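A closer look at the structure
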Amino acid sequence: NRPPRLHRDFMMTRACSLQNAPIRVMQWNILAQALGEGKDGFVRCPMEALKWSERKYLILEEILTYRPDVLCLQEVDHYFDTFQPVLASLGYQSSFCPKPCSPCLDVHNNNGPDGCALFFNRRRFQLLHTAHLRLSAMLLKTNQVAIVATLRCRFTGRVFCVAVTHLKARSGWEAFRSAQGAHLLQQLCELTTQSHPEMDDENLTRVGETEDGIPLVVCGDFNAEPSEEVYRRFMTSPLGLDSAYKCLSEDGNTEPPYTSWKIRPSGESRSTLDYIWYSERAFQVDTVLKIPSEEQIGPDRLPSYHYPSDHLSLHQVRFVPTASQHRW
Ligand code: NDP
Ligand code: CA
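Rules used in this analysis
Residues numbered from 1 in each chain as written. Chains lettered and ligands numbered in written order. Predicted model: local features only at pLDDT ≥ 70, side-chain atom pairs only at ≥ 80, totals over all residues. Heavy atoms only, no water. Helix = DSSP H or I, 4+ residues; strand = E, 2+ residues; numbered from the N terminus. Buried < 20%, exposed > 50% of the residue type's maximum accessible area, 1.4 Å probe, protein only. Contact = heavy atoms within 4.5 Å. Areas by Shrake-Rupley, 256 points an atom, 1.4 Å probe, with all protein chains shown as cover. Donors = N, O, S within 2.8 Å, 3.2 Å for Na, K, Ca; no water. Pairing = 2+ DSSP bridges. Phe/Tyr/Trp six-rings, centres within 6.5 Å; stacked < 30°, edge-to-face > 60°. Salt bridge = Lys/Arg side-chain N within 4 Å of Asp/Glu carboxyl O. Polar contact = N/O pair within 3.5 Å; in protein donor to acceptor, adjacent residues only side chain to side chain.

It is worth spelling out the overall build of the protein chain at this point. Within the protein chain one finds seven helices and 14 strands. The buried share of the protein chain, reckoned over its 328 residues, is 54%. Contacts in the protein chain between residues at least 24 apart in sequence constitute 74% of all its contacts with a sequence separation of at least 6. Of the roughly 15700 Å² of accessible surface on the protein chain, a fraction of 50% belongs to carbon and sulfur atoms.

Structure follows, in C-alpha cells:
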C-alpha cells in the first residue's frame, strides 16, 4: 500500500492578487456520452474515440488547461460520477439541472439524463442564489432548462449573475427557440432586479447595482445561427447584452464562422450556435480564445481522437471591468 500523495497548497504572497484578476468564463457543449455513442451518428468519428474512457480525460484536460473561474456546460450526463466530484476537489462549487425528458434516457446503458451544469471557483465567489428554470415557449413547458446563479466576489463584494442554457435543437424550430429565448430573458430580467434575502440593502448599495440591476453573463448552446430571431432578441433586449465572440472578427461585429462542425449521415454541418452574452455596462471583453482553423480540426471534423465534442470550447473569455468600475 502506497502512502497518500503529498498535497501542497500555494500561499498567496500579495493579499489582493485575486482582486484585480479578470474573470475567466468558459462555455462548452461537451457532447452527452449517451448521445455521442447512441444517437448522433458521427459517421467519420471512430467508435473507439467516442468511448467515455477516452473522452473524459480530454474534456477534463480542456477545462483544466484554461482553469476558468466560471464554467458553463451543456449535455452533461456524467455530473454525479465525474464532473461534480473531480471539479469539487479542484475548488469548484457547482449546480446541475437535468432536462426533464432527456433524449439520453432512450439510449441503452445510459448514465442518466443530460442537462446544464454550472461551476464556479468557490475561493473567489460566494453563491447568493441559484434558480433552476424550465423554459417555456408560448406559455407551454418545454424540455429545455437553464441555471441562473447569483455570485458575489469574496474580495471586492461585487455581485453578478451567470446563466447557462441549451435551447431546442434542429431546423424548423426557430420560432420555438425564439420563444424560449424570450422566456429566459424575462426570467433574467426578474432575477437581476429582484433583491435576494441574502443580499441586504447595505450590500446592494455598496455594489451600486440598485438602479440598473445586477450585471449578467449568459452562456449557452443556443442552437441558433446569428441570423435567427433568438439571436436578435438577445442582441436588442433591455438587459443591454453583447456577444463576446464578435470581438474576434475584423469589424468587431461578426460572430465566428463556426462553433460546431460535424459529419452525420445526412451530411456535413458547420454552424455558429454557441454564445457568451455579457452586460455591456459592466464588463469589457479582455481576451477570447481563438477558433481552431479548418486544418487543425481536420478532414473528419468533430468529435475526433484529439477533440472530444462536436462543439468547440471556444468561449473561454476574460472580462475586465469597465472604466466606471475600478475592478472586479
Ligand atoms: P432536441 O431537439 O433539443 O435535441 C436533443 C439533442 O439531440 C441535443 O443535445 C442535440 O445536440 C442533439 N441533436 C441535434 N440534432 C441532431 C441530429 N440530427 N441527430 C442526432 N442528435 C441531434 O431534443 P429535445 O430535448 O426536445 O428532446 C427530444 C427527444 O427527447 C426526443 O427525440 C425523445 O427522444 C425525447 N423525448 C422528449 C420529450 C419531450 O418532452 N420533449 C418527450 C418524450 C421523449 P446539439 O444541441 O448539440 O445540436
Ligand atoms: Ca449535441
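Moving on to the coordination of the calcium ion (ligand 2). For the calcium ion (ligand 2), the full set of protein donor atoms is Glu75 (OE) and Glu75 (OE), at a range of 2.2 to 3.1 Å. Tracing the chain through its elements places Glu75 in strand β2 (residues 70-76).

Counting buried positions along strand β4 (residues 115-121) yields seven of seven residues, so the element is predominantly enclosed. Bridge count for β2 against β4 is five bridges, and the pairing is antiparallel. Residue pairing in the sheet places Val76 in a bridge with Gly115 of β4.

For the coordinates displayed, the defined rule picks out 17 aromatic pairs. Residues Phe125 and Phe160 carry aromatic rings whose centres are separated by 5.4 Å and whose planes lie at 75° to one another, so their mutual orientation is edge-to-face. Of this pair, Phe125 sits in strand β5 (residues 125-137) while Phe160 sits in strand β7 (residues 159-166); the two residues are 35 residues apart in sequence, bridging distant segments of the chain. Geometrically, the ring pair formed by Phe160 and Phe283 is edge-to-face, given 6.1 Å between the ring centres and 80° between the ring planes. Placement of the pair is Phe160 in strand β7 and Phe283 in strand β13 (residues 283-288), with a sequence separation of 123 residues. Both residues of the pair, Phe160 and Phe283, count as buried.

Before going further, it helps to examine the pattern of salt bridges. Enumeration over the complete set of coordinates arrives at 11 salt bridges. For Arg264, the salt bridge goes to Asp40, with nearest N and O atoms at 2.3 Å. Of the two residues, Arg264 is situated in strand β10 (residues 260-264) and Asp40 in the loop between α1 (33-38) and α2 (52-66); the sequence distance between them amounts to 224 residues. Looking at Arg264, the relative accessible area reads 28%, which means it is partly exposed. The exposure class assigned to Asp40 is buried, which follows from its relative accessible area of 13%. Linking Arg124 and Asp69 is a salt bridge whose minimum nitrogen-to-oxygen distance equals 3.1 Å. Pair noted here: Arg124 is in the loop between β4 and β5 and Asp69 is in the loop between α2 and β2, with a separation of 55 residues, a long-range link. Owing to a relative accessible area of 1%, Arg124 belongs among the buried residues under this scheme. The structure contains a network of salt bridges with shared partners spanning Glu174, Arg177 and Glu228.

The phi torsion of most residues other than glycine is negative, and most of the peptide bonds are trans. Between Leu302 and the following residue, Pro303, the backbone shows a cis peptide bond with an omega angle of -10°. Positioned with a positive phi, Glu75 is a non-glycine residue whose angle comes to about 60°. A positive phi angle, near 80°, is found at Arg170, a position not held by glycine. Within the fold, Arg170 resides in the loop between β7 and α4 (174-193).

Attention now goes to the side chain of Thr272. Considering the arrangement of structural elements, one finds Thr272 in the loop between β11 (267-271) and β12 (274-279). A relative accessible area of 2% places Thr272 in the buried class. Within the structure, Thr272 has its side chain in polar contact with the backbone oxygen of Pro257 (distance 3.2 Å). Apart from the residues lying within four places of it in its own chain, the contact partners of Thr272 are Ala224, Glu225, Pro226, Glu255, Pro256, Pro257, Tyr258 and Thr259.

Okay, the environment of Glu268 next. Mapped onto the secondary structure, Glu268 falls in strand β11. Along the primary structure Glu268 and Phe42 are separated by 226 residues, whereas in three dimensions their C-alpha atoms are 9.8 Å apart. Residues contacting Glu268, with those up to four places away along its chain left out, are Trp261, Lys262, Ile263 and Arg301. A polar atom in the side chain of Glu268 sits 2.7 Å from the side chain of Trp261. Within the local environment of Glu268, its side chain forms a polar contact with the side chain of Arg301, the two groups lying 2.8 Å apart.

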